[in-house]
Amino acid sequence: MAEPGVEGPVWLPSLPPSLGEYLAPNLQPVPLIPALTLLAAVFYLAGAISLWRQGRHWSPIRTASFLFGCLAIIVVMGAGIEGYGLRMFSIFMFQQLTLMMAVPPLLVIGSPGTLLLRATPHGLLGRPVLKVALWGLRSRWGRLAIHPAFMVPLFLLSFYGVYFSGLADLLLPNWYGHVGLELLFLAAGILFTVPLISADPLPSRQTHFGRLLDIFAEMPLHAFFGVVIMMATAPMVKFFAAPPESWNVDPMQDQGLAGGLAWSYGELPGVLLLMFILVRWQRDEAKGWVRSERKAAVDGTPDLDAYNEYLRQLANRPVRRR
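Please read these numbers as outputs of a predicted model, since none were measured by experiment.

Student: I keep staring at the overall build of the protein and nothing clicks. Help me out?
Tutor: Counting secondary structure elements, the protein contains 15 helices and 0 strands. The buried share of the protein, reckoned over its 322 residues, is 41%.

Dropping the structure here:
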């Protein structure tokens with residue numbers, strides 16, 4: 001059932017918003033993103049089961065992380081909340097933050113790229129898949145996609161560019177534009193997260209210090225965006241300025257809630273990513289020291305040994321008396 005101002009195969013809710021209505025299984029007529037996500041979850045689980053049947057190790061924690069990320073997408077994009085996201089700024093902002101901040105770390109921790117390389121058969125059917133994967137790893141486009149000069153501006157463009165340029169009002173009234181924005185949010189979040197925490201093979205890999213710079217560059221701008229939304233005195237997105245009167249929703253209060261979500265809910269995953277990077281940095285440094293100590297125990301330390309020998313020669317040199 002479509003209403004004026006919303007074009008395309010769209011289901012819009014009629015009942016006032018509530019937690020029960022948000023989670024109700026009210027699929028959109030064309031649930032594109034939930035369907036693609038379900039397909040990705042099926043392929044991932046099939047790959048994990050294939051490795052387990054062969055007696056090869058694959059982490060259940062990584063599997064659970066990826067599947068939980070897929071479940072989050074299916075619920076947020078496939079339940080009744082998707083319909084309310086076409087009427088309320090706060091709900092749409094919650095969906096955006098979930099796609100950009102909460103879901104990507106869960107998917108990336110699942111290491112789908114590594115699973116793809118390990119589980120895909122090298123026979124006739126799997127060969128094209130592996131060729132495409134290896135091309136992505138070796139191509140300059142793959143390096144560009146995860147380079148900070150590309151992915152950080154894309155991430156910020158998904159906030160400032162969408163809402164401050166009028167792009168939201170242009171795209172949201174149309175089903176294709178609405179779904180396109182959701183796919184943009186998910187892609188931007190994944191491209192931002194991959195170089196920060198991914199353990200998959202990558203075309204290029206940043207230093208730990210570089211990852212910290214990316215996080216510190218994003219977090220204050222992200223928080224500032226939420227503050228601007230909360231302090232605005234007029235509707236930022238006209239599309240959300242007229243919710244159904246029977247819902248008794250004040251669009252300005254709803255916009256303030258959207259800004260509060262961007263400032264709070266949007267910052268929490270960033271803090272967790274920061275902690276993850278610091279812990280991994282400390283762990284890698286500890287592993288480096290252990291490797292150095294083992295190498296020294298086996299091969300010795302030529303520079304230190306030479307210096308000690310020099311000191312012994314000085315100590316054994318006879319003292320000349322005048």
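Student: Even after reading the chapter, I still don't get the packing of helix 5 (residues 89-109) against helix 9 (residues 148-164), so can you show me in this structure?
Tutor: Packed helices, taken two at a time, are described by their axes: the angle between them and the distance between them. Look at helix 5 against helix 9: their axes get within 11 Å of each other, and the N-to-C directions meet at 160°. As judged from the angle between their axes, helix 5 and helix 9 are roughly antiparallel. In this structure, the crossing between helix 5 and helix 9 has a hand that is right-handed. On the side of helix 5, the interface is formed by Phe89, Phe92, Met93, Gln96, Leu97, Met100 and Met101, while helix 9 contributes Phe155, Ser158, Phe159 and Tyr163. Residue classes in the contact of helix 5 with helix 9 are distributed as 9 nonpolar, 2 polar and no charged.

Student: Which parts of the structure should I look at to understand the environment of Met100?
Tutor: The topology assignment puts Met100 in helix 5. In this structure the C-alpha to C-alpha distance between Met100 and Thr193, which are 93 residues apart in sequence, comes to 9.1 Å. Among all residues touching Met100, those that are not within four sequence positions of it are Phe155, Ser158, Phe159, Phe185, Ala188 and Gly189.

Rules of the game
- Residues numbered from 1 in each chain as written.
- Predicted model: local features only at pLDDT ≥ 70, side-chain atom pairs only at ≥ 80, totals over all residues.
- Heavy atoms only, no water.
- Helix = DSSP H or I, 4+ residues; strand = E, 2+ residues; numbered from the N terminus.
- Buried < 20%, exposed > 50% of the residue type's maximum accessible area, 1.4 Å probe, protein only.
- Axes fitted to C-alpha atoms, helices over the stretch in contact; angles between N-to-C directions.
- Parallel < 35°, antiparallel > 145°, perpendicular 65-115°, else oblique.
- Left-handed = near helix turned anticlockwise from the far one by under 90°.
- Contact = heavy atoms within 4.5 Å.
- Nonpolar A, V, L, I, M, F, W, Y, C, P; charged D, E, K, R; others polar.

Geometric descriptors of this kind do not, in isolation, establish any biological role.
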